[in-house]
Amino acid sequence: MTTLRTPADEAEARAIQDELRARVVLDETGPPPGTGRVTGVDVAYDDERDVVVAAAVVLDAGSLTVVEEATATGRVDFPYIPGLLAFREVPTVLAVLESLKSDPGLVVCDGYGRAHPRRFGLASHLGVLTDLPAIGVAKNPFTFAAAAPGPRRGDTSPLLADDGEELGRALRTQDGVKPVYVSVGHRVSLDNACTHTLALARDFRLPESTRRADALCRRALRAATA
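The notes below deal with the structure included here. For clarity, every value in this text was computed on a predicted model and none was experimentally measured.

## Observations concerning the overall build of the protein chain
Then, in step 1: On a plain count of helices and strands, the protein chain comes out with five helices and eight strands.
Then, in step 2: Its C-alpha radius of gyration of 16 Å places the protein chain within 12% of the 17 Å reference for a compact globule of 226 residues.
Then, in step 3: Its C-alpha atoms give the protein chain principal-axis dimensions of roughly 45 × 40 × 30 Å.
Then, in step 4: Here the protein chain holds 226 residues, and the buried ones make up 53% of them.
Then, in step 5: The contacts in the protein chain between residues at least 6 apart in sequence include a share of 65% that link residues at least 24 apart.

Right under this line is the structure:
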């Protein structure tokens, strides 16, 4: 695992992003969907107390049964700056991943990877620091426009940068529901990232990894701030 560096200010944070972005691996396909382990990570904040809780839920990729769950609690030590959100979350997410006894396998973040103004969202940041395959599956579009995909499960439309580069895809995970927004983090192809997302979203709009991690971190935050 790469040593975590905490920036002193915005300029240093951008410099760290630039350095780590050069280490993102984009030429690997990644693990086959439905095999091994998949780990969902998510965070919840109490802004008044500057508390952040991260949750990790390890699933068997074939059955989607829970293998392991863990949480970690930390302090928010970096201000909110658009494009640099990962620096608020990464220390606590790394702590929860390091606490797992199971191999995380593929890491699924509630957020973005390449589909980010600086091409380095949370999924890429975590992927590079841990060298685990990672993808981002976001609930809402960020800065890149995408046409609505077709109405059926599995339909997609590209998230395009101004120069036409495809940075992610809007993906319909259930017939007639709002899409999710999938992007590569590290060591996974975009096609494979979308296939993984569909395999994880068997019954609901969101991947099961995200649903379970979201519920767990919210419960843990309530307990930590009670």
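Text resumes after the structure shown.
## With respect to helix 3 (residues 122-130)
Then, in step 1: Among the nine residues that make up helix 3, nine are buried, leaving the element largely enclosed by the rest of the structure.
Then, in step 2: Taken residue by residue, helix 3 has L122, A123, S124, H125, L126, G127, V128, L129 and T130 as its buried positions.
Then, in step 3: The inward-facing, buried residues of helix 3 contact helix 1 (10-21), strand 1 (37-46), helix 2 (86-99), strand 4 (106-109), strand 5 (134-138) and strand 8 (180-186).
Then, in step 4: The positive-phi residue at the C-terminal boundary of helix 3 is D131, with phi of around 60°.

## A closer look at the environment of L132
Then, in step 1: Here L132 shows up in the loop between helix 3 and strand 5.
Then, in step 2: With relative accessibility at 17%, the residue L132 sits in the buried group.
Then, in step 3: Residues L132 and T197 lie 65 residues apart in sequence; the distance between their C-alpha atoms is 17 Å.
Then, in step 4: Residues within four places of L132 in sequence aside, it is in contact with P104, G105, V107, G127, H186 and R187.

## Focus on the packing of helix 2 against helix 3
The relative placement of two packed helices is expressed as an angle between their axes plus a distance between the axes.
Then, in step 1: Where helix 2 meets helix 3, the axes come as close as 10 Å, and the angle between the chain directions of the two elements is 45°. In terms of orientation, helix 2 lies oblique with respect to helix 3. In this structure, the crossing between helix 2 and helix 3 has a hand that is right-handed. For the pair formed by helix 2 and helix 3, the contact residues are A86, F87, E89, V90, V93, L94 and L97 on the first element and L122, H125, L126, L129 and T130 on the second.
Then, in step 2: Split into classes, the residues belonging to the contact of helix 2 with helix 3 amount to nine nonpolar, two polar and one charged.

## Overview of the sheet that holds strand 7 (residues 166-171)
Then, in step 1: Read from one edge to the other, the open sheet built from eight strands follows the order 3-2-1-4-5-8-7-6, with strand pairing classed as mixed. Edge strands, defined here as strands with exactly one partner in the open sheet, are strand 3 (66-75) and strand 6 (156-160). Within this sheet the neighbouring strands show an average axis-to-axis angle of 25°, counted without direction.
Then, in step 2: Across 10 bridges, the pairing between strand 1 and strand 2 (residues 51-60) is antiparallel. When the bridges of strand 2 are listed, D42 appears paired with A55.
Then, in step 3: Against the sheet, helix 3 engages strand 1, strand 4, strand 5 and strand 8, with an angle of about 25° to strand 8.
Then, in step 4: Helix 5 (residues 208-224) rests against strand 1, strand 2, strand 3 and strand 4 of the sheet, and its axis sits at about 145° to strand 2.

## Focus: helix 4 (residues 190-200)
Then, in step 1: Taking burial as the measure, the 11 residues of helix 4 include eight buried ones, the bulk of the element.
Then, in step 2: What helix 4 keeps buried is the set L190, N192, A193, C194, H196, T197, L198 and L200.

Cut-offs applied
Residues numbered from 1 in each chain as written. Predicted model: local features only at pLDDT ≥ 70, side-chain atom pairs only at ≥ 80, totals over all residues. Heavy atoms only, no water. Helix = DSSP H or I, 4+ residues; strand = E, 2+ residues; numbered from the N terminus. Rg over C-alpha atoms; globule rule 2.2 N^0.38 Å. Buried < 20%, exposed > 50% of the residue type's maximum accessible area, 1.4 Å probe, protein only. Contact = heavy atoms within 4.5 Å. Axes fitted to C-alpha atoms, helices over the stretch in contact; angles between N-to-C directions. Parallel < 35°, antiparallel > 145°, perpendicular 65-115°, else oblique. Left-handed = near helix turned anticlockwise from the far one by under 90°. Nonpolar A, V, L, I, M, F, W, Y, C, P; charged D, E, K, R; others polar. Pairing = 2+ DSSP bridges.

What is shown is where atoms sit, not what they do.
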